[in-house]
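# Commentary on secondary and tertiary structure
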Amino acid sequence: MTSPVPAVGIAGITKRFGDVTAVDGIDLEIGDGEFFALLGPSGCGKTTTLRMIAGLDFPTMGSLKIFGEEVGTLPPNKRPVNTVFQAYALFPHMNVADNVSFGLKMQKVERAERDRRVAEAVGLVQLGGMEGRRPNQLSGGQQQRVALARALVNRPKVLLLDEPLGALDLKLRQEMQLELKALQREVGITFVFVTHDQEEALTMSDRIAVMHEGRLLQVGTPEDIYQRPANRFVADFIGRTNLLEGTVASESEVVLSNGMRVQAASEHDFGTKVAVSLRPEQAFLYRRGDSPAGWPSIDGVLREVTYVGNALVHSVAVDWISIEVRTPYRSTEVPPQVGDEVSVCWEPGGVTVVAD
Amino acid sequence: MTLAAVPPEETTAGAATPEFERAAARAESRRGFLIAVPAYLYLIVFFAVPLGIVFAYSFANRNRFGEAVFTNIGFDAYRRLAEPIVRDILFRSLWLALLTTGICLLIGYPFSYYLTTRSSKVRNILLVFVMIPFWSNFLVRNYAWRVILGKDGVISRITDFLGLGEVEILFTPSAVVLGLVYGFLPFMILPLYASIERIEMSLIEAGRDLYASGWQSFRRILFPLSKPGVIAGSILVFVPSLGAYVTPEILGGAKTTLLGSYIVTQFLTARNWPVGASLSFVLMAVMLLATIVYFRAGGRNL
Amino acid sequence: MTAVGDRLLPGASVARVGDFARRFSLTRGALAANAWFVYLFFYAPIALLVVFSFSADRNVGRWGGFTLGWYDDFIGNTSIQNAIWVSLRVALLSTVISVVLGTLAAFAIERFRFRGRQAFDALLYLPIIIPDVTMAVMMLLFFSEFFDLLNLLFGADLRKGFASITVSHIAFNISFVSVVVRARLAGMDRRLEEAAMDLYASRWKAFRHVTLPQIAPGVAGGALLALTLSLDDVVVTQFASGPGATTLPVYVFGLIRRGVTPLINSVSVVMLVASVGLVLLSLFVQRSRGGGAVGPPGAVAAGRSRRRS
């Protein structure tokens, strides 16, 4: 049963620190039960946004609602949200059980009820038997689970996670990505997490908000964001892409800076400076002249081929730039050789036009 | 008659506004101030005000009974500092403090280096035996030398036994320096040890690998890297040596009056409060300067 | 040619290595000798003092057979007992008050921004930097003016004694406690406090349940420093005490200046044992807390050196 009221409703939130505007009037609605990512490079305002939802910073202005109730001016201990902090911030002088029960104690939950919920939360994150350990006796992954249990035991309406996997090594991080998602499905609580890692955001979230310099650039599903980036920054930040500079010639054509005309639909005005975004894995490589009829193509010379395990990454020198083309690796195929004259092509409609 | 219905307390907070943010920041700042205020007030009343009184007295004059009065205030007391007696005392104090610092450095540096070359287990034990004199009663430790240096003391007895006759080191400048070195050597050793211990020993090895001799690797690598410790230790020894009072009183003689004792005399016996106050201020200025040097040299804490 | 070279070169290199090793061991020997000398220098006077405190000879440096007589004298001496009593009361009271005020001051400075913070910071450092003698003079003039003022206003005739000594000890101990606690606070992750508040703790509860346990080793270290500074102080106390009451170090200092007697030996040994006991206690506390630092060595060193000249 999900509520029709958004779990988090942000309207016109701005945060200034002195002369610096960290968050610049953003509007955002996060639905009940969503796994939502705030994604952006460091300093983009995503952590400040999360801290404002938690109550650790007050907004300079704007409205902040949790399930329809205004909380923007409440202190953190009066808000129905809990946080998994970066590097976890577990209390070093308390064991696992005391860490997990801290929030319940502060809310004066009765002893029996508290013990029951702590046991439940510890079981949920599979830390049964570890209750007596101190944080420094736990591995990074275990600490992360304690942090989750400590927050979830309070049954928050929204769980906030600040770079929750940042402190883990790559392999553990990938494991925890799936586990976190499974956990979120199990408890059914809205998760809002902050990350600078676009791959992590794409893997875990139902929806992503991309932030840059205090503004929201795009909000959408991972597929939306990847396939239909709203602007040049999003296209460049999410995944790898080739940006071919040009200007809009008509609603279905862009003139690249070398004068070449490319079929690409856009809603931008005639003459707008844009870039055509071509994902490396959506580009195909053919020997010059072999390209399928009707496919847009650009001629170039193959400069470099890199074997990266499951794929080959080709670097093609076109007269004014270099284009990256990624093809699946098949040992039976004879790939074009370095120095060959090639064409880079794509399916009609396989590119996106983005403006600044 | 029923009571009028009390309107339900507003449960939802309002949206954030710049006014609210400012008010919250002000409340936060007020909270900090309130937490600080007991100590703040205490230090103002019992430290800043006394300091101000001393400052005021340093400009005071004396009436014919020798009492400090605030008529004809001026720099008289400071002018007196240029008089030969006071100047001699100032220079003697400076010289003895410098000598003490030099000796402490000379003994303390190799000692601290030696500590860092020991295994960590041995090192901890050795350090504890530096900490004990460091923490134990200063007056008593100075007094112990009375037993050794006096005319009937142990050293005199030994020289007498060897046929060299009785010697009395007590009540000489040497005895004062000895007492100061004894008192302050731990203050040289601990910061020195801390800074040498932080140096990567592989740097010394790299130096040796690049054909530096033992002396060269000390002069060009070890010593420059341990400089913060040298400066910290030197100041921690120099500053209290300069204002020393207890040591010269116990081990020094009438001829070795130092700054600290001279100031005390101005208050307790000579009853020349303005001169005593002005000297106290000069002494404090020197300490402040040394502290600034310490921070400039990268001393992270006091 | 090669044969000659073969014969010469190894020999030459052996000579150089040997030379190097000899010089190296020479340096090492000198370093070790210096270290032993330092320890002898530290402990020989103390050892002699202890030995002579059991000597029956009236002359402090002469062995006259074993006696416990000087300790008897010490125990029977009511002035010394009074002085010890004053010392202990001053030390405990000034430590308790300065630990509370100093910890609050450290917390305010480290965690808040408020008007007057920088001035407060400077004022907090001054008692550490200021020379003993200057501080002593400050206290003398302050109490003389203050008591004059009270006399003038209320006709109260107050004398320096227990209260004035305690007031002056608190004035320097607040700073030392706050420096030690601040170092500990600065090293503490602020997110812990935020986490506590996120978990429904009020400000006070976050301080009480998270901040305070985290800085406890610093507070304990500050308390220990305050306690020993108070128990050791001679100069400031001398100027803040009066005929009403005096502390043990000031009393002993007075005795020494009048001429040494074996009684002083025995009192000194007792004071020494007490302070060594405190050191060992602090080391034990540190160890049982898992090696938590008692404070920045610089602060402690500065404190010790400042307050004992």
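Owing to the predicted nature of the structure, the values given are computational and were not obtained by experimental measurement. (Residues numbered from 1 in each chain as written. Chains lettered and ligands numbered in written order. Predicted model: local features only at pLDDT ≥ 70, side-chain atom pairs only at ≥ 80, totals over all residues. Heavy atoms only, no water.)

## Regarding the domain arrangement of chain A
Residue and element names in this part refer to chain A. The cut-off we apply is this: Each domain's limits were defined by an automated method or a database of domain assignments. Residue contacts are counted whenever heavy atoms from the two residues lie within 4.5 Å of one another. Put simply, buried area is the surface a 1.4 Å probe can reach on two separate parts but cannot reach once they are joined, added for both.
Segmentation of chain A into domains returns domain 1 (8–232) and domain 2 (241–354). The centre of domain 1, based on its C-alpha atoms, is set 39 Å off from the matching centre of domain 2. Facing the seven residues of domain 1 at the interface are nine residues of domain 2. Around 670 Å² of area is buried between domain 1 and domain 2 when both sides are counted, 42% of it from carbon and sulfur atoms. Three residues, Tyr226, Pro229 and Arg232, lead the burial of domain 1 against domain 2; their summed loss comes to 77% of the area buried on that side.

## Section: the packing of helix α1 (residues 18–57) of chain B against helix α13 (residues 273–296) of chain B
All names here are of chain B. So the rule is basically this: Axes here mean lines fitted to C-alpha atoms, for a helix over just the part in contact, with angles spanning 0 to 180 degrees between N-to-C directions. Helix and strand labels come from DSSP, where a helix needs a run of H or I of at least four residues and a strand needs a run of E of at least two; each type is numbered from the N terminus. Any angle that falls under 35 degrees is termed roughly parallel, while one over 145 is termed roughly antiparallel, one within 65 to 115 roughly perpendicular, and all others oblique. A clockwise turn of the near helix away from the far one marks a right-handed crossing, whereas an anticlockwise turn of less than a right angle marks a left-handed crossing. Residue classes follow a fixed rule: Ala, Val, Leu, Ile, Met, Phe, Trp, Tyr, Cys and Pro count as nonpolar, while Asp, Glu, Lys and Arg count as charged, and any other residue, Gly among them, counts as polar.
In contact at an axis separation of 7 Å, α1 and α13 are set at 120 degrees when each is read in the N-to-C sense. It follows that α1 is oblique to α13 by the angle criterion. Both α1 and α13 take part in a crossing whose hand is left-handed. Seen from α1, the contacting residues are Leu51, Val54, Phe55 and Tyr57; seen from α13, they are Trp273, Pro274, Ala277, Ser280, Phe281 and Met284. Looking at the contact of α1 with α13, its residues break down into nine nonpolar, one polar and no charged.

## A word on the sheet that holds strand β18 (residues 322–328) of chain A
Residue and element names in this part refer to chain A. Note the cut-off: At least two bridges found by DSSP between two strands are what make those strands a pair.
If you trace the five strands from one edge of the open sheet to the other, you get β15-β19-β16-β17-β18, paired in antiparallel fashion. One side of each edge strand has no neighbouring strand; the edge strands of this open sheet are β15 (284–287) and β18. With direction set aside, neighbouring strand axes in the sheet form an average angle of 45 degrees. By the bridge criterion, seven bridges tie strand β17 (residues 311–317) to β18 in an arrangement that is antiparallel. Residue pairing for β18: Ala317 is matched across the bridge by Ser322.

## Some remarks on the packing of aromatic side chains
As a reminder, the rule being used: Any pair of Phe, Tyr and Trp rings, taking the six-membered ring for Trp, is counted once the centres come within 6.5 Å. Such a pair is stacked with planes under 30 degrees apart, edge-to-face with planes over 60 apart, and tilted for the rest. Relative accessibility under 20% of the residue-type maximum defines a buried residue, over 50% an exposed one, and the middle range a partly exposed one, all with a 1.4 Å probe and only protein chains included. Geometrically, a charge over a ring is one whose NZ (Lys) or CZ (Arg) sits within 6 Å of the ring centre while staying within 35 degrees of the ring normal.
By the definition in use, this model includes 39 aromatic pairs over all chains. Plain terms: the ring middles of B:Phe33 and C:Phe114 are 6.1 Å apart, the flat faces sit at 70 degrees to each other, and that makes the pair edge-to-face. In this pair, B:Phe33 is assigned in helix α1 and C:Phe114 in the loop between α3 (78–111) and α4 (117–129), connecting two distinct chains. Under the relative-accessibility criterion, B:Phe33 is labelled partly exposed at 32%. The class for C:Phe114 is buried, based on a relative accessible area of 8%. Taken together through their ring pairs, the aromatic side chains of B:Tyr42, B:Phe46, C:Phe142, C:Phe143, C:Phe146 and C:Phe147 make up a single cluster. Note that A:Arg279 overlies the ring of A:Tyr226, its terminal NZ or CZ placed 4.0 Å from the centroid. A cation over an aromatic ring shows up here: C:Arg89 above the ring of C:Phe162, its NZ or CZ 4.3 Å from the ring centre.

## Things to note about the pattern of salt bridges
Put simply, the test is: Each reported salt bridge corresponds to a side-chain nitrogen of Lys or Arg within 4 Å of a carboxyl oxygen of Asp or Glu.
The full count for this structure, using the stated rule, is 30 salt bridges over all chains. Put simply, A:Arg116 and A:Glu113 hold a salt bridge, and the shortest N to O gap is 3.3 Å. Pair noted here: A:Arg116 and A:Glu113 are both in helix α3 (residues 111–124), with a separation of three residues, about one helical turn. Note on A:Arg116: relative accessible area 45%, which makes it partly exposed. We note a salt bridge from C:Arg257 to B:Glu249, for which the minimum N-O separation is 2.6 Å. You can see C:Arg257 sitting in helix α10 (residues 248–258) and its partner B:Glu249 sitting in helix α11 (residues 246–251), one on each of two chains.

## Description of the environment of C:Gly221
Locating C:Gly221 in the fold gives a position in helix α8 (residues 203–232). Sequence separation between C:Gly221 and C:Tyr200 is 21 residues, and the spatial gap between their C-alpha atoms is 31 Å.

## Some details on the interface of chain B and chain C
Bring the parts together and some accessible area is lost; that lost area is often taken as the interface size. Short version of the rule: Polar contact criterion, stated in full: a pair of N or O atoms within 3.5 Å, where within protein one must be able to donate a hydrogen and the other to accept it, and residues adjacent in sequence count only if both atoms are side-chain atoms.
Facing 87 residues of chain B, the contacting portion of chain C comprises 95 residues. Together, the buried faces of chain B and chain C total about 8600 Å²; carbon and sulfur atoms form 77% of this surface. Where chain B meets chain C, there are two salt bridges. Among the salt bridges present, the one from C:Arg203 reaches B:Glu28, with a minimum N-O distance of 2.8 Å. The tally of links between chain B and chain C comes to 15 residue pairs in polar contact (both at pLDDT 80 or more). With 23 residues, α1(B) is the largest single contributor of residues to the side of chain B that touches chain C.

## A short note on the interface of chain B and chain A
Facing the ten residues of chain B at the interface are twelve residues of chain A. Both sides of the chain B and chain A interface together cover about 950 Å² of buried area, and 63% of this is carbon and sulfur. Put simply, chain B and chain A have one salt bridge between them. Ionic pairing is found between A:Lys15 and B:Glu21, a salt bridge with its closest N-O pair at 2.7 Å. One can count three residue pairs in polar contact (both at pLDDT 80 or more) joining chain B with chain A. Taken together, the residues of the side of chain B that touches chain A sort by class into six nonpolar, three polar and one charged.

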